[in-house]
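The lines below spell out each chain.
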Amino acid sequence: VDSALAAERGGAHRLELCDALHDAGTTPSAGMLAAVKAHARLPVFVIVRPRGGGFVYSRSELDVMRRDVDVARRLGADGFVVGV
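Let us look at the structure shown here. (Residues numbered from 1 in each chain as written. Predicted model: local features only at pLDDT ≥ 70, side-chain atom pairs only at ≥ 80, totals over all residues. Heavy atoms only, no water.)

**Focus on the pairing of strand β3 (residues 79-82)**
Here strand β2 (residues 44-48) runs beside β3; their pairing, made up of four bridges, is parallel. Bridge pairing in β3 links V46 to F80. Read as a crossover between parallel neighbours, the route from β2 over helix α3 (residues 59-74) to β3 is right-handed. (Pairing = 2+ DSSP bridges. Helix = DSSP H or I, 4+ residues; strand = E, 2+ residues; numbered from the N terminus. Right-handed = clockwise from strand over helix to strand, strands pointing away.)

**Considering α3**
Its 16 residues give α3 an end-to-end C-alpha distance of 23 Å, which sits within 8% of 22 Å, the value for a rise of 1.5 Å per residue. Residues of α3 that are buried make contact with α2 (30-39), β2 and β3. The positive-phi residue at the C-terminal boundary of α3 is G76, with phi of around 100 degrees. (Expected span 1.5 Å × (residues − 1). Contact = heavy atoms within 4.5 Å.)

**As for the nonpolar core**
Judged by nonpolar contacts, A4, L15, L17, L33, V36, A40, L42, V44, V46, A72 and A77 together constitute the single largest core of eleven residues. Going through the elements one at a time, β1 (15-17), α2 and β2 are the ones with two or more residues in this core. Those residues in contact with A40 that sit more than four places away from it in its chain are L5, E8 and L15. (Core = buried A, V, L, I, M, F, W, Y, C linked by side-chain atoms within 4.5 Å. Buried < 20%, exposed > 50% of the residue type's maximum accessible area, 1.4 Å probe, protein only.)

This is the structure in structure tokens:
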């Protein structure tokens, strides 16, 4: 949340929210998304990526990604960032 607010103060036009940046970014938790939406005024785009590594996903991983999109949409995500 602190990084999101710093980006806002620094002049960002939107946020791309992720977890595990050291692993090229993964889907953030529902709690993190809710907290950022509660405190930041910028549009929040959620990275949808169930794991680090390559971008070829199994059917079960794609199912997880669809579910993550549904949850993030309900929590107010303004958009999504994916690589498949």
